[in-house]
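What follows is each chain in one-letter form.
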Amino acid sequence: MTRFEEEIVSPSAKRQNLRKHFRGGTCFQPASVFDPISARLADSLGFGIAIFPGSSASAVVLGAPDIALLSINDLVDQTRRITRVSNLSLIVDADNGYGNSINVIAAIRDLEAAGASAITIEDTVLPQIKGTKGEHLIELDELLSKTTAALEARVDPETIIIGRTHALRTGGAVEAERRVKALASSGVDAIFLVGVNNEDDLKVIYNSSNGLPILLGGSEVMLTETELASYNVSIIIRGHQTFQASVQGIYSVLLAQLNGELQSYPVSNLASTEVMDMAIGKNYFRSLSNKFLG
């Protein structure tokens, strides 16, 4: 029986659980989820904290790469589908807020109402501008305007606003340090960095973050979770293998079917009855049926 089946936790309580982790001095790799099935499984296994990445959202909702085709409504709807079937504290990747600071306000309110525990706002220029290549950053003043708008937009004070910067990949350590210091002074609850690939850069970020929890993604820094925690890293994201594995599973079964090999497809590669029941919350719905339908 999943924790969801035992007790339904309020959105605010989920946010408090994530805040408690941020204060706990440990580093954790959250579950990467993208739909109700992955959320139920992660919750059943006891993860507690999960992340809904923009790349997975674009892929699962649109069947498209992460190139700013996803709308805020798409993201909100899928977030709601995830949060309503689990007690996970969900970190939602809201890209650059889907527009300017006023768009950020709408995005925060909609995602908060959909049950998000934490929402990231980043400093990338999206969508790509004609004639440009690679990743580009918005001006720091605009980033701070967006994070300030996000902080003012939340209705529940427990909702966590995370300022995210790609400056290490785009502007180098000096620019990253400048942006982290500014974000730390802006009132955000945590800071998200991508592209931290060595301990020296991590030391710079740690010294600039004013004690805020740090999230790392797209990082190749070879440190253990215990070592990362010493730099106040609360969350480490080491890829989104759950979605990749699900895509490979579907592809393999369809290919076997096309080649006339489905009858001999390894049973060990398929979900057991127990796992399927866990994925669809069968025990929970059986209990409802017994209680209300006799």
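Up top is the structure.
Reference entry: report on the structure contained in this document. (Residues numbered from 1 in each chain as written. Predicted model: local features only at pLDDT ≥ 70, side-chain atom pairs only at ≥ 80, totals over all residues. Heavy atoms only, no water.)

1. What to know about the overall build of the protein
What counts here: Labels follow the DSSP assignment, with helices taken as runs of H or I lasting at least four residues and strands as runs of E lasting at least two, numbered in each case from the N terminus. Radius of gyration here uses only the C-alpha atoms, and the compact-globule reference equals 2.2 Å multiplied by the residue count raised to the power 0.38. Each residue gets one of three labels from its accessible area relative to the maximum for its type: buried under 20%, exposed over 50%, partly exposed in between, using a 1.4 Å probe on protein chains only.
Assigned secondary structure in the protein consists of 14 helices and eight strands. A globule of 294 residues ought to have a C-alpha radius of gyration of about 19 Å, and the protein, at 20 Å, matches this closely. If one aligns the C-alpha atoms of the protein with their principal axes, the spans along those axes are about 60 × 45 × 40 Å. The buried share of the protein, taken over its 294 residues, is 46%.

2. Some remarks on the sheet that holds strand S7 (residues 214–217)
Stated formally: Two strands make a pair as long as DSSP finds a minimum of two bridges between them.
Read from one edge of the open sheet, eight strands run S1-S2-S3-S4-S5-S6-S7-S8, paired in parallel fashion. Because the sheet does not close on itself, it has two edges, and the strands there are strand S1 (31–32) and strand S8 (233–237). Inspection of the sheet shows strand S6 (residues 190–194) paired to S7 by four bridges, in the parallel sense. Of the residues in S7, the one forming a bridge with Leu193 is Leu216.

3. What about the pattern of salt bridges?
Opposite charge on two side chains allows them to pair when their charged atoms are near. How we decide: A carboxyl oxygen of Asp or Glu within 4 Å of a side-chain nitrogen of Lys or Arg is what we treat as a salt bridge.
Tallied over the entire structure, the rule returns 14 salt bridges. In this structure, Arg80 and Asp77 form a salt bridge, with 3.5 Å as the shortest nitrogen-oxygen distance. Here Arg80 pairs with Asp77, and both are found in helix H5 (residues 72–83), just three residues apart, close to one helical turn. Looking at Arg80, the relative accessible area reads 33%, which means it is partly exposed. Judged by relative accessible area, which is 33%, Asp77 ranks as partly exposed. In this structure, Arg164 engages Glu122 in a salt bridge whose closest nitrogen and oxygen atoms are separated by 3.5 Å.

4. A short note on the pairing of S8
Working note: regular strand, side chains alternate between the two faces of the sheet. With five of its five residues buried, S8 lies for the most part within the structure. Bridge analysis of S7 against S8 gives four bridges, and the strand direction is parallel. Bridge pairing in S8 links Leu215 to Ile235.

5. With respect to the nonpolar core
One broad trend across soluble globular proteins is that nonpolar side chains are buried collectively. We count it as follows: We define a nonpolar core as any set of buried Ala, Val, Leu, Ile, Met, Phe, Trp, Tyr and Cys residues linked to one another through side-chain atoms lying within 4.5 Å. Here a residue-residue contact requires only that any non-hydrogen atoms of the pair lie within 4.5 Å.
Core analysis: the biggest nonpolar cluster contains 31 residues, and Val33, Phe52, Leu75, Leu90, Val92, Ile108 and Leu111 have the highest contact counts within it. Mapped by element, the contributors of at least two residues to this core are helix H3 (36–44), strand S2 (49–52), H5, strand S3 (89–93), helix H6 (101–113), strand S4 (118–122) and helix H7 (140–153). Excluding anything up to four places from it in sequence, Leu90 contacts Val33, Ala50, Ile51, Phe52, Thr79, Ile82, Thr83, Ala116, Ser117 and Ala118. Ala182, Ile205, Leu223 and Tyr231 belong to the second-largest nonpolar core, a separate cluster that totals 28 residues.

6. Considering the packing of aromatic side chains
Let me state the cut-off plainly: For Phe, Tyr and Trp, where Trp contributes only its six-membered ring, two rings pair if their centres lie within 6.5 Å, and the inter-plane angle classes them as stacked under 30 degrees, edge-to-face over 60, or tilted in between. Remark: a charge is flagged as sitting over a ring if the NZ atom of Lys or the CZ atom of Arg is within 6 Å of the ring centre and within 35 degrees of the ring normal.
Scanning all chains against the criterion turns up four aromatic pairs. Geometrically, the ring pair formed by Phe34 and Phe243 is edge-to-face, given 5.0 Å between the ring centres and 75 degrees between the ring planes. Here Phe34, found in the loop between S1 and H3, pairs with Phe243, found in helix H12 (residues 241–258); they are 209 residues apart in sequence, far enough to count as distant. For Phe34, a relative accessible area of 7% gives the class buried. On the basis of relative accessibility, which here comes to 17%, the residue Phe243 falls in the buried class. Here Arg164 stacks its cationic end above the ring of Phe192, 4.5 Å away from the centre of that ring.

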